[in-house]
Amino acid sequence: MKKKVIVTGGTGYIGSHTAVELISAGYEVILIDNLSNSEASIADRIGEITGITPILEVFDLCDAERLESFLRKNSDIEAIVHFAAFKAVSESVSKPLKYYRNNLLSLMNLLEAMTVHNIPSLVFSSSCTVYGQPGILPVTEETPVQPALSPYGNTKQIGEEIIRDTVTANNRLKAVSLRYFNPIGAHPSSRIGELPRGVPENLVPFITQTAIGLRETLLVYGNDYNTPDGSCIRDYLHVVDLAKAHVEAVNRLASGKNKTNYEIFNLGTGNGTSVLEAIESFERISGKKLNYKIAGRRPGDIEKIWADPSLANQELGWKTVSSLDEAMRSAWKWEINIRTKTD
Ligand code: UD1
């Protein structure tokens, strides 16, 4: 019998790619999503890619009673991979309580339900934002966590602490937090990808939307940073690579290979790329000149960060395989696909 894995936020960007990889690895996947930032049709698209359309349960994890009734009907769950959360940094600054309530209440409801229903394993979607601006690069998991720069970032930090304390109190529960660097790109089939609503905040969707004519000009937020070309540096990784790390984390917990009941892994390529280098990559793979101009710094941006992914390489047996250009090419193909097809 296939092992059952719940993917919360399963119709979202990273959730949908992870569902594809879990199904391909032989897991039975059930998606939970409140569709606040995604579409139900994503479940069908996952089915087009894998040949198996996962069940989608539409509800909000802040509704503890609804979660309880779902779990009463679904026993023998091996693991929960928890993506469901709000993620817009700037919105979190103007609406902090919306972020704290949603991101933390849903996590607490989930942990409580896991305890009651004896669901042994949780994989949590965390972020490199917990490191703030690190003094030493690249960052390892030992790099100190710094005060969060936004309520969004704080929900990831507090989320990790809630998990650690819950796992410490309940030795039947084990968890892995995955600290993502900057996921970009789309599935090679172009059936799923990033679908930002409104004006994108993130760099790569803004690049592709500018190139396709939806946005006039990309603003490069600052060229006076202490970096070789003056623009900020990040560690961009292909979302399919990132998705595969979740399969390894679930495998590790399911087979009891975890070394402690709460583990943390950085997920990145290990390479830093500046905003201007990302633009060059896009121009190289698309053959298009991007309309961009240098603007002032974006408040709250950190100057430079990239991962030391050695621990994930060793312990999860995972590493990124796609180059920046490959990831960028998939993002561009996806953008063209969603703007030229109506299905
Ligand atoms: C941040 C967080 C990340 C979080 C994500 C959610 C850090 C290090 N990362 O990503 O954890 O999950 O927000 O949205 O805190 N840029 C431009 N012009 C644009 C857009 C972006 O120049 O129009 C630049 C930014 O200044 C930054 C880089 O591109 O240097 C990447 O920005 P973005 O894609 O928004 O990601 P982060 O801010 O790194």
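In this text the structure is predicted, and so the values were computed from the model without any measurement.

### Focus: the pairing of strand E11 (residues 262-267)
- Among the 6 residues in E11, 5 count as buried, and that is most of the element.
- Of the pairings in the sheet, the one linking strand E6 (residues 174-180) to E11 comprises 6 bridges and is parallel in character. Paired with Arg 179 across the strands is Asn 266, a residue of E11.

### Some thoughts on the sheet that holds E6
- Here we have 7 strands laid out as an open sheet, ordered E3-E2-E1-E4-E5-E6-E11, and parallel in their pairing. Each having just a single partner strand, strand E3 (55-58) and E11 make up the two edges of the open sheet. The sheet shows a mean angle of 20° between the axes of neighbouring strands, taken without regard to direction.
- Where strand E1 (residues 4-8) lies against strand E4 (residues 77-82), 5 bridges are found, and the strand directions are parallel.

### Thoughts on the environment of Ala 85
- Tracing the chain through its elements places Ala 85 in the loop between E4 and helix H4 (89-94).
- Its relative accessible area of 29% is what places Ala 85 among the partly exposed residues.
- Through-space distance from the C-alpha of Ala 85 to that of Thr 18 is 15 Å; in sequence the pair is 67 residues apart.

### Brief notes about the packing of aromatic side chains
- Counted by the stated rule, this structure contains 4 aromatic pairs.
- Both rings, one in Phe 86 and one in Tyr 99, keep their centres 5.5 Å apart while their planes meet at 55°; by these two values the pair is tilted. Remark: Tyr 99 occurs in helix H5 (residues 96-116) and Phe 86 occurs in the loop between E4 and H4; sequence separation between them is 13 residues. A single burial state applies to Phe 86 and to Tyr 99, both of which are buried.

### Some thoughts on unusual backbone geometry
- Note the cis peptide between Leu 137 and Pro 138, where omega equals 0°.
- Inspection of the secondary structure puts Pro 138 in the loop between strand E5 (121-127) and helix H6 (151-169).
- Its identity is not glycine, yet Leu 35 carries a phi of approximately 60°, on the positive side.
- Position of Leu 35 relative to the elements: it lies in the loop between strand E2 (28-33) and helix H2 (41-50).
- By relative accessible area, which is 24% here, Leu 35 ends up partly exposed.
- Even without being a glycine, Asp 76 presents a positive backbone phi close to 55°.
- Relative to the elements of secondary structure, Asp 76 occurs in the loop between helix H3 (64-73) and E4.

Cut-off values and rules
Residues numbered from 1 in each chain as written. Predicted model: local features only at pLDDT ≥ 70, side-chain atom pairs only at ≥ 80, totals over all residues. Heavy atoms only, no water. Buried < 20%, exposed > 50% of the residue type's maximum accessible area, 1.4 Å probe, protein only. Helix = DSSP H or I, 4+ residues; strand = E, 2+ residues; numbered from the N terminus. Pairing = 2+ DSSP bridges. Axes fitted to C-alpha atoms, helices over the stretch in contact; angles between N-to-C directions. Phe/Tyr/Trp six-rings, centres within 6.5 Å; stacked < 30°, edge-to-face > 60°.

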